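Now for the letters of each chain:
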Amino acid sequence: ITINSDTVGWVKIPGTNIDYPVLQENPNGGYMNQYYLNRDINKQTSKNGVIFADFRTVFGTKNTMSKNTVLYGHNWTNISANPRIGNEEDVMFAQLTGYHHLDFAKEHPYIYFNSLSKDMVWVVFAAFYTHINFNYIDPNPTDAEFKNIINGAKERSEHIFDVDVNTSDKILTLSTCTRRFKNLGDKQRFVVMARLLRADETTNDKIS
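Everything in this summary refers to the structure shown in the same document. (Residues numbered from 1 in each chain as written. Predicted model: local features only at pLDDT ≥ 70, side-chain atom pairs only at ≥ 80, totals over all residues. Heavy atoms only, no water.)

This paragraph deals with the overall build of the protein. Within the protein, the secondary structure is distributed over 2 helices and 8 strands. Counting from the amino terminus, the protein carries its helices and strands in the arrangement β-β-β-β-α-β-β-α-β-β. Over its C-alpha atoms the protein spans a radius of gyration of 16 Å, differing by no more than 12% from the 17 Å that the globule rule assigns to 208 residues. Considering only C-alpha atoms, the protein reaches an extent of 40 × 40 × 30 Å along its principal axes. Relative to its full complement of 208 residues, the protein shows a buried share of 49%. Intrachain contacts of the protein at a sequence separation of at least 6 include 60% that bridge at least 24 residues. Just so you have it, the protein exposes about 10400 Å², and 48% of that area is on carbon and sulfur atoms. Here the protein holds 22 positive side-chain charges and 23 negative ones, and the gap between their average locations is 4 Å. (Helix = DSSP H or I, 4+ residues; strand = E, 2+ residues; numbered from the N terminus. Rg over C-alpha atoms; globule rule 2.2 N^0.38 Å. Buried < 20%, exposed > 50% of the residue type's maximum accessible area, 1.4 Å probe, protein only. Contact = heavy atoms within 4.5 Å. Areas by Shrake-Rupley, 256 points an atom, 1.4 Å probe, with all protein chains shown as cover. Lys, Arg positive; Asp, Glu negative; His and termini not counted. Charge placed at Lys NZ, Arg CZ, Asp CG, Glu CD.)

In terms of nonpolar packing, the biggest core is built from 47 residues, with Leu-71, Tyr-99, Ile-111, Phe-125 and Met-193 touching the most fellow members. Looking at this core element by element, the count peaks at 8 residues for strand β6 (residues 121-131). (Core = buried A, V, L, I, M, F, W, Y, C linked by side-chain atoms within 4.5 Å.)

The next thing to look at is the pairing of β6. For β6, the buried fraction is high: 9 of the 11 residues fall into the buried class. The pairing of strand β5 (residues 110-115) with β6 spans 3 bridges and is classified as antiparallel. From the neighbouring strand, Tyr-110 faces β6, where its bridge partner is Val-123. Pairing of β6 with strand β8 (residues 188-196), which is carried by 9 bridges, proceeds in the antiparallel orientation. (Pairing = 2+ DSSP bridges.)

Moving on: the packing of aromatic side chains. Across all of its chains, the model carries 10 aromatic pairs by this definition. Here Tyr-35 and Tyr-36 contribute two aromatic rings whose centre-to-centre distance is 4.8 Å and whose plane-to-plane angle is 85 degrees, an arrangement assigned as edge-to-face. Seen in terms of ring centroids, Phe-128 and Phe-134 are 6.1 Å apart; in terms of plane orientation they differ by 50 degrees. Their pairing is tilted. Judged on exposure class, the residue Phe-128 and its partner Phe-134 are both buried. Sitting above the plane of the Tyr-129 ring, Arg-180 keeps its charged end 4.4 Å from the centroid. (Phe/Tyr/Trp six-rings, centres within 6.5 Å; stacked < 30°, edge-to-face > 60°. Lys NZ or Arg CZ within 6 Å of the ring centre and 35° of its normal.)

Attention now moves to the layout of surface pockets. Unfilled space is identified by rolling a water-sized probe across the atoms. Taken as a whole, the largest pocket holds about 630 Å³ of empty space. Lining the largest pocket we find 24 residues, and of these Gln-34, Leu-37, Tyr-72, Cys-177 and Arg-189 sit closest to its centre. Here the element with the most residues in the lining of the largest pocket is strand β7 (residues 171-177); it accounts for 3 residues. Its residues assigned to classes, the lining of the largest pocket comprises 12 nonpolar, 7 polar and 5 charged. (1 Å grid on protein atoms, 1.4 Å probe; cavity = no way out; pocket = protein on both sides within 12 Å on 5 of 7 lines; lining within 4 Å. Points joined across faces, edges and corners; volume = space filled by probe spheres on them. Nonpolar A, V, L, I, M, F, W, Y, C, P; charged D, E, K, R; others polar.)

Listed below in structure tokens is the structure:
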């Protein structure tokens, strides 16, 4: 039963408490990704907000969905230069920064994002810190822009993931706040990117 008609899917990272519905504001509402920033699933005021999709993201089949499914979530409690792992007080995307640590990244290679019409598994290919001037949040880039997003993510990544990604793939972007760099204030983000498993791949495949 859906308690909010703005629900577009569910995101889960096994081994973390990231296991939440994903909301998306009305793209014609004029809120520009601000509606769910401080509202809960019942549309009531909430500091923690919800996990929400960029208002420009298109959902549907593999062929019709956006090239880059962009999801946002708050991180109020795990923003240091050396993030902790697995604290229950770290809600929404606060445990996402665990990907800062190589062992954590190796142990959590897959993200499950299921739209209302399809179950989908995504394999992580980058985890990085960035200034917001890197336009990684465009859901519908041109092929050239998409290539820049993929390459920019890999170049910034804290770890090298042995995962091939190209412009024919669909990717998932999870973005949250950090304060790793004191001089950047609220202009910095921690981002994890994953690509949709290809038809010939399974979660039993070895991921380096």
